[in-house]
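Take a look at the letters that make up each chain.
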Amino acid sequence: MRKQIAAANWKMNLTYPQGIALLQTLVTADISLKENHIVVFAVPFPYLEMSIDTVQHKKNYFIAAQNCSDKKSGAYTGEVSAEMLKSLDLPYCLVGHSERREYFGENNKMLAEKINLCLANSITPIFCCGEALQTREQHQQNIFVEQQLRESLFQLSKEEILKIVIAYEPIWAIGTGKTASTEQAQEMHAHIRLVLKNQYGPSIADQVSILYGGSVKANNARELFASKDVDGGLVGGASLNAQEFAEIIRALK
């Protein structure tokens, strides 16, 4: 059975004390996980070590970085390398979030380098892909997302692609209060799995977890996650509220 994942992306939010309080509330909450359920917190860089310490004794709870450099090391002031993350025994890293693409000019080629560096350092990338509103209105979303996958992931072997988590982000539904319908989410997730199937074969495609990342909330998570090809969510704003994110975790199928 594929891993079902509730991933929190704190983005640039919460003070250090607020982050500690949120994590401690969630690790002590009454949440029962199945064996294939995973909870991931993508926290700001200054909070990584504290977060790892807070969840390390909680089964199936893990910490992720929100980004890493596409360079191995060197004179890149302010950057954080995959090797640095590995030295913290960090298991996950977000790669290619739409905000990184839009605000920091990250492109598919650059993201392919980040993917390679993460895997070389035994870090599971959570690779983000998705289209803007204009692309969807032109009915080009399938072509657009497939290109993102091809240019950033298809250098990988069958063994390597199994170490990837994919998160589909309809950019038009991030931070806008809009949410793709359950049918729209399932349709794109099924398309992503088909693209993987055509490249790597059905047995590989069926093992890759694909998360939905567009305004997931407690009141829509269960319906979204019930879709055949939706394996959980990459959650933004709702993950900053302990009660709300706990309900999202409980919605995993």
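Refer to the preceding data block for the structure.
Just so it is clear, the structure is predicted and the values come from calculations on it, not from any experiment.

Asker: Help me understand the overall build of the chain in this model?
Answerer: Along the backbone of the chain there are 12 helices and 8 strands. Across its three principal axes, the chain shows a C-alpha extent of roughly 45 × 45 × 35 Å. Among the 253 residues that make up the chain, the fraction classed as buried is 54%. The contacts of the chain with a sequence gap of at least 6 include a subset with a gap of at least 24, amounting to 72%. With the model as given, the accessible surface of the chain reaches about 11700 Å², and the carbon-plus-sulfur share is 50%. Positive and negative charge centroids in the chain, built from 25 and 27 side chains respectively, lie 3 Å apart.

Asker: Got a minute to help me understand the pairing of strand β1 (residues 4-9) in this structure?
Answerer: Successive residues of a regular strand alternate their side chains across the two faces of the sheet. Where burial is concerned, most of β1 is hidden: 6 out of the 6 residues are buried. Burial along β1 is two-sided: Q4, A6 and A8 and I5, A7 and N9, pointing in opposite directions, are all buried. Across 6 bridges, the pairing between β1 and strand β2 (residues 37-43) is parallel. When the bridges of β2 are listed, I5 appears paired with I38. Taking the sense of rotation as the criterion, the β-α-β connection linking β1, helix α1 (residues 16-27) and β2 turns out right-handed.

Asker: Can you help me understand helix α5 (residues 108-120) in this one?
Answerer: Spanning 13 residues, α5 covers 18 Å between terminal C-alpha atoms, matching the ideal 18 Å at 1.5 Å per step. Of the residues making up α5, those classed as buried are N108, L111, A112, K114, I115, L117, C118 and L119. Against α3 (82-86), β4 (92-95), α4 (98-104), β5 (124-129), α7 (141-153) and α8 (158-161) lie the buried residues of α5. The N-terminus of α5 is capped by N107, whose side-chain oxygen sits 3.2 Å from the backbone nitrogen of K109.

Asker: Can you walk me through unusual backbone geometry in this structure?
Answerer: It is generally the case that most residues other than glycine have a negative phi and that most peptide bonds are trans. One non-glycine residue with positive phi stands out, namely L14, at about 75 degrees. Assignment of secondary structure puts L14 in the loop between β1 and α1. Phi is positive for S122, close to 60 degrees, though the residue is something other than glycine. Along the chain, the position of S122 falls in the loop between α5 and β5.

Asker: Help me understand helix α12 (residues 242-250), please; the structure alone is not making it clear to me.
Answerer: Buried within α12 are the following residues: A242, F245, A246, I248 and I249. The buried residues of α12 occupy an angular sector of 160 degrees when projected down its axis, which confines them to one face. Taken together, the buried residues of α12 touch β1, α1, β2, β3 (61-65), α11 (221-225) and β8 (232-235). Where α12 starts, the residue carrying a side-chain oxygen 3.1 Å from the main-chain nitrogen of Q243 turns out to be N241.

Asker: Just checking my understanding: could you explain the state of the cysteines for this structure?
Answerer: Put plainly, a disulfide is one covalent bond tying together the sulfur atoms of two cysteines. Applying the stated criterion across every chain, the model contains 0 disulfides. Just so you know, C68 is unpaired, no disulfide at all, and the nearest cysteine sulfur is the one on C118, 3.8 Å from it. The class of C118 is buried, set by a relative accessible area of 0%.

Asker: Is there a simple way to think about the nonpolar core in this case?
Answerer: A general tendency of soluble globular proteins is for nonpolar side chains to be buried together. Membership of the largest hydrophobic core comes to 70 residues, with the highest contact counts inside it found for F41, L149, L153, I166, I192 and F245. Looking at this core element by element, the count peaks at 6 residues for helix α9 (residues 182-200). Setting aside its immediate chain neighbours within four residues, L149 contacts F127, C129, F154, I166, I192 and V195. Grouped together as the second largest cluster of nonpolar side chains are 14 residues, I5, L94, V165 and A167 included.

Asker: Would you mind going over the environment of K163 with me for this structure?
Answerer: Structurally, K163 can be placed in the loop between α8 and β6 (165-168). Looking at K163, the relative accessible area reads 48%, which means it is partly exposed. In contact with K163, not counting residues within four places along its chain, are L119, T124 and P125.

Asker: What should I look at first to understand the packing of aromatic side chains in this one?
Answerer: In this description, a pair of aromatic rings is defined by centroid distance and the angle of the planes. Tallied over the entire structure, the rule returns 6 aromatic pairs. Ring centres 6.4 Å apart and planes at 55 degrees place the aromatic pair Y168 and Y212 in the tilted group. In this pair, Y168 sits in strand β6 while Y212 sits in strand β7 (residues 210-212), placing the two residues 44 residues apart along the sequence. In this pair, the class of Y168 matches that of Y212, namely buried. Pairwise contacts between aromatic rings join F41, Y61 and F245 into one cluster. A cation over an aromatic ring shows up here: K58 above the ring of Y61, its NZ or CZ 5.5 Å from the ring centre. Its end group placed over the ring of F104, R100 keeps NZ or CZ at 4.0 Å from the ring centre.

Reading guide: rules and limits
Residues numbered from 1 in each chain as written. Predicted model: local features only at pLDDT ≥ 70, side-chain atom pairs only at ≥ 80, totals over all residues. Heavy atoms only, no water. Helix = DSSP H or I, 4+ residues; strand = E, 2+ residues; numbered from the N terminus. Buried < 20%, exposed > 50% of the residue type's maximum accessible area, 1.4 Å probe, protein only. Contact = heavy atoms within 4.5 Å. Areas by Shrake-Rupley, 256 points an atom, 1.4 Å probe, with all protein chains shown as cover. Lys, Arg positive; Asp, Glu negative; His and termini not counted. Charge placed at Lys NZ, Arg CZ, Asp CG, Glu CD. Pairing = 2+ DSSP bridges. Right-handed = clockwise from strand over helix to strand, strands pointing away. Expected span 1.5 Å × (residues − 1). Polar contact = N/O pair within 3.5 Å; in protein donor to acceptor, adjacent residues only side chain to side chain. Arc of directions from axis to C-beta. Disulfide = S-S within 2.5 Å. Core = buried A, V, L, I, M, F, W, Y, C linked by side-chain atoms within 4.5 Å. Phe/Tyr/Trp six-rings, centres within 6.5 Å; stacked < 30°, edge-to-face > 60°. Lys NZ or Arg CZ within 6 Å of the ring centre and 35° of its normal.

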